Amino acid sequence: MAEGMGSLAGHKRQRYSTALGSAREVLACVQVAEAMRYVEPPHPGVLDRMNHVIATLARLVYRRAS
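The numbers attached to residues start from 1 for each chain and follow its sequence in the written order. Two thresholds apply to this predicted model, a pLDDT of at least 70 for residue-level local features and 80 or more for giving and counting side-chain atom pairs, whereas whole-chain, interface and lining totals are computed over all residues. Hydrogens and water molecules were not included; the side-chain quantities draw on all heavy atoms of the structure.

Quick notes on helix H3 (residues 44-62)
Next, step 1: Taking 1.5 Å per residue, 19 residues should reach 27 Å; H3 reaches 26 Å between its end C-alpha atoms and fits that length.
Next, step 2: For each residue, the accessible area found with a 1.4 Å probe, counting protein chains only, is set against the maximum for its type, and the residue is called buried under 20%, exposed over 50%, and partly exposed in between. Here a strand is any run of E in DSSP of at least two residues, a helix any run of H or I of at least four, and the numbering for each starts at the N terminus. Within the span of H3, buried status applies to Met50, Ile54, Leu57, Ala58 and Val61. The arc enclosing the buried residues of H3, seen along the axis, measures out at 105°, which places them on a common side. With respect to the buried face of H3, the exposed residues turned more than 90 degrees away are Pro44, Asp48, Arg49 and Arg59.
Next, step 3: Contact definition: two residues touch when any of their heavy atoms are within 4.5 Å. Tucked inside the fold, the buried residues of H3 contact helix H2 (9-35). For a helix, the expected span equals 1.5 Å multiplied by the number of residues minus one. The arc in question is formed by the directions pointing from the helix axis toward the C-beta atoms.

Some details on the confidence of the model for the protein chain
Next, step 1: pLDDT expresses, on a scale from 0 to 100, how confident the predictor is about each individual residue. Summing up the model confidence of the protein chain, the mean pLDDT is 90 and the portion of residues at 70 or higher is 97%.
Next, step 2: Mean pLDDT values over the elements of the protein chain span from 74, in helix H1 (residues 2-5), up to 96, in H3.

Here it is, written out as structure tokens:
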């Protein structure tokens, strides 16, 4: 997210898009690791925070052009 904040114009959206993809990938990895019983289920607060970050990035990437 910090990289996107320091970028300009179209590059900013690209950086946020990359961060969004990475955040979604991390969440998927945690879900797979849990399903395969490699890790204990994460604390609900951690999952809420991850989903909040993903939602924030999605708003930055998919915001309507005004």
